[in-house]
Amino acid sequence: MKACTLEITENKPIVPLCFKMSLRGAHGEIKAGQFINIMIDGFYLRRPISVYDWDDDTLTVIYKVVGQGTDALSKMDKGKKLDVLSELGNGYKTSVSGMRPLLIGGGVGVPPLYALAKALIKDGCNVSVILGFNTKSEIILADEFRALGASVSVTTVDGSEGVRGFVTDAIPYAGYTYVYTCGPEPMLKSVYNKIITSGQFSFEERMGCGFGACVGCTCRTKYGNKRVCKDGPVFVKEEIIW
Amino acid sequence: MVNTSVNLCGVSLKNPIIPASGTFGFGHEFADVYDLNCLGGISVKGTTAVERFGNETPRIAEAPSGLLNSVGLQNPGIDTVLGYELPRLRDSYGGAIIANISGFSIDEYVSTCEKADKSKNVDIIEVNISCPNVHNGGMSFGTTASGAAEVTREVKKVCKKPVFMKLSPNVTDIAAIARACEGAGADGISLINTLLAMRIDIRRRRPVLNNVTGGLSGPAIFPVAVRMVWQVYENVGIPIMGLGGVSTADDVIEMMLAGATAVQVGAANLRDPFACKKIADELPALMEKLGVDDINDIIGGAHNG
């Protein structure tokens, strides 16, 4: 965990209700799949948001407006300085991916997979990505993944773009060595039941602190109770209990 | 140089600042956040005889100036706490360690407190008779004077170390319960635990918390805590650890003026992991500004005249 003050350099919608916010400042050493916890004026608890991308002094998040806190965040202007806790959560482990990892994201579960894809491609992997959305107007980041060199499939529930249906309708029968996924829990469970390899699953839970102190977000695993914020949010397939 | 050290029943604290149980893990989780030795004491996570998962999630909800939790005493059980968690805390911390003990029967309180009392890593035992998030236990002992007295009396029979009874604010007469604890032999009183509360998700039309209700903490409850510490101070002669929404050095002074000898900081740790360190750092300068040379001079100071 690192406490930092980061300045907003960009905060704009990329699709309806979904914002991209870039922050400038020393943000610590981040791994794909980790999150930051942002203090928002007028709210007691911080808001945990997964990290999309970063370089030495910039960090970018993509978040959806789902309540009053994220609504307030979306109205913040360039130049505003934020009190942020960084380097939170365990993040994805890339060394176990094999040569042909499959990345599966749903909705706002897609952004943390971007930095992961970047890291895996840098490691020489042949990365395939399945991105699931409700409808065409909600699609984010498909072009960004393509620009990295990943092979991208898009699914939409209403069939307005790509494969009609859920991400599981686009999972191939074979040909991948490992799975990384992030999205709503019903999607994670469907992916868990469909894939033929091991994988890592990133979970969401209502958090108090975000750094392991309050145990508000504990879940049961095959290896005992774990905190989603500190021991997760990424859990390996073999430890998950549904 | 001002004096910030206080004494709780023979246990010397370098300052009155103590992270409250349930908001600071077993302490060692914070050892790489800052040097824990800036803290007067640490009240560790509430502990029961055997391991508990607690309630189902979601068990955190936000509130104006605070939060609700319905964790429900998740902990690894007293044997793991004494055998693993506290030695690990002691590795990086030399101040007072306060074991926080809960139970579902008198026998369980007694046997768990007895184990804690024998541990060289425990300096004070805080008996939680006020958890609002578990059924058939915890708070049910703390909401009547006779129940509180019975737990106190039986626990005191097996403990040589100072025993503080942690009281619930969810009662009609806090002073009567505090007096009953003192009469049954309690060495001190901790108050307040959280206030029973609830939120409803207006979109789902369902309670936010899986447990339906939870305990409210944070600045929202600070004035309630000050009032109850004041009332208890007027009614007992034993020392008080005051808590409930304390977030700043100013709050610490206010709580001590109401009658607290030491002050616990709870929800603030969850919002800002450095909260206790900041308060401990700011306290001496605030004392100087207020003309307080010795922090002990202000304990109960608002009752004078």
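Residues numbered from 1 in each chain as written. Chains lettered and ligands numbered in written order. Predicted model: local features only at pLDDT ≥ 70, side-chain atom pairs only at ≥ 80, totals over all residues. Heavy atoms only, no water.

Enquirer: Can you help me understand the overall build of chain A in this one?
Expert: Counting its secondary structure elements, chain A contains four helices and 15 strands. The C-alpha atoms of chain A give 17 Å as radius of gyration, which agrees with the globular expectation for 242 residues (18 Å, within 12%). Counting only C-alpha atoms, chain A reaches 50 × 40 × 35 Å along its principal axes. Out of the 242 residues in chain A, the part that is buried amounts to 54%. Sequence separation of at least 24 residues holds for 60% of the intrachain contacts in chain A that already meet a minimum separation of 6. Here chain A has roughly 10,200 Å² of accessible surface; of this, 49% comes from carbon and sulfur atoms. On chain A, the mean spot of the 28 positive side-chain charges and the mean spot of the 25 negative ones are 4 Å from each other. (Helix = DSSP H or I, 4+ residues; strand = E, 2+ residues; numbered from the N terminus. Rg over C-alpha atoms; globule rule 2.2 N^0.38 Å. Buried < 20%, exposed > 50% of the residue type's maximum accessible area, 1.4 Å probe, protein only. Contact = heavy atoms within 4.5 Å. Areas by Shrake-Rupley, 256 points an atom, 1.4 Å probe, with all protein chains shown as cover. Lys, Arg positive; Asp, Glu negative; His and termini not counted. Charge placed at Lys NZ, Arg CZ, Asp CG, Glu CD.)

Enquirer: Explanation requested: the interface of chain A and chain B in the structure shown.
Expert: On the side of chain B, 35 residues touch chain A, which itself brings 25 residues to the contact. Summing both sides of the interface, chain A and chain B together bury roughly 2,400 Å²; the carbon and sulfur share of this comes to 58%. On inspection of chain A and its partner chain B, the count reaches two salt bridges. In this structure, the salt-bridge partner of R47 of chain A is E62 of chain B, at a minimum N-O distance of 2.7 Å. Our count for the chain A to chain B interface comes out at 14 residue pairs in polar contact (both at pLDDT 80 or more). (Buried area = accessible area lost by both parts, 1.4 Å probe. Salt bridge = Lys/Arg side-chain N within 4 Å of Asp/Glu carboxyl O. Polar contact = N/O pair within 3.5 Å; in protein donor to acceptor, adjacent residues only side chain to side chain.)

Enquirer: Hey, could you run me through the sheet that holds strand β16 (residues 262-265) of chain B in this one?
Expert: The strands that make up a sheet pair up through hydrogen bonds in the backbone, lying either parallel or antiparallel. Residue and element names in this part refer to chain B. Reading across the sheet, the eight strands line up as β3-β16-β15-β10-β9-β8-β7-β4 and stay open at both edges, with parallel pairing between neighbours. Looking at the sheet topology across the chains shown, the edges are occupied by β3 (17-19) and β4 (41-43). The average undirected angle you get between the axes of adjacent strands in this sheet is 25°. Sheet analysis places strand β9 (residues 163-166) next to strand β10 (residues 188-191), joined by three bridges and oriented parallel. (Pairing = 2+ DSSP bridges. Axes fitted to C-alpha atoms, helices over the stretch in contact; angles between N-to-C directions.)

Enquirer: Looking at this model, I keep getting lost on the pattern of salt bridges. Mind explaining?
Expert: Oppositely charged side chains are able to pair whenever their charged atoms sit close together. This structure, assessed with the given rule, holds 20 salt bridges over all chains. Two residues, R220 of chain A and E56 of chain B, come together in a salt bridge whose shortest N-O distance is 2.8 Å. One end of the pair, R220 of chain A, is in strand β13 (residues 218-221); the other, E56 of chain B, is in the loop between β4 and β5 (60-63), on a second chain.

Enquirer: Can you walk me through unusual backbone geometry in this structure?
Expert: Leaving glycine aside, a negative phi is the common case for residues, and trans is the common case for peptide bonds. Put simply, G232 of chain A and P233 of chain A share a cis peptide bond, and its omega is 10°. Within the secondary structure, P233 of chain A is located in the loop between β14 (224-227) and β15 (234-236). Look at the link from L191 of chain B to I192 of chain B: it is a cis peptide, with omega at 10°. Here I192 of chain B is to be found in the loop between β10 and β11 (195-197). Located in the positive-phi region is L17 of chain A, a residue other than glycine, with phi close to 70°. Among the structural elements, L17 of chain A can be located in the loop between β1 (2-15) and β2 (18-24).

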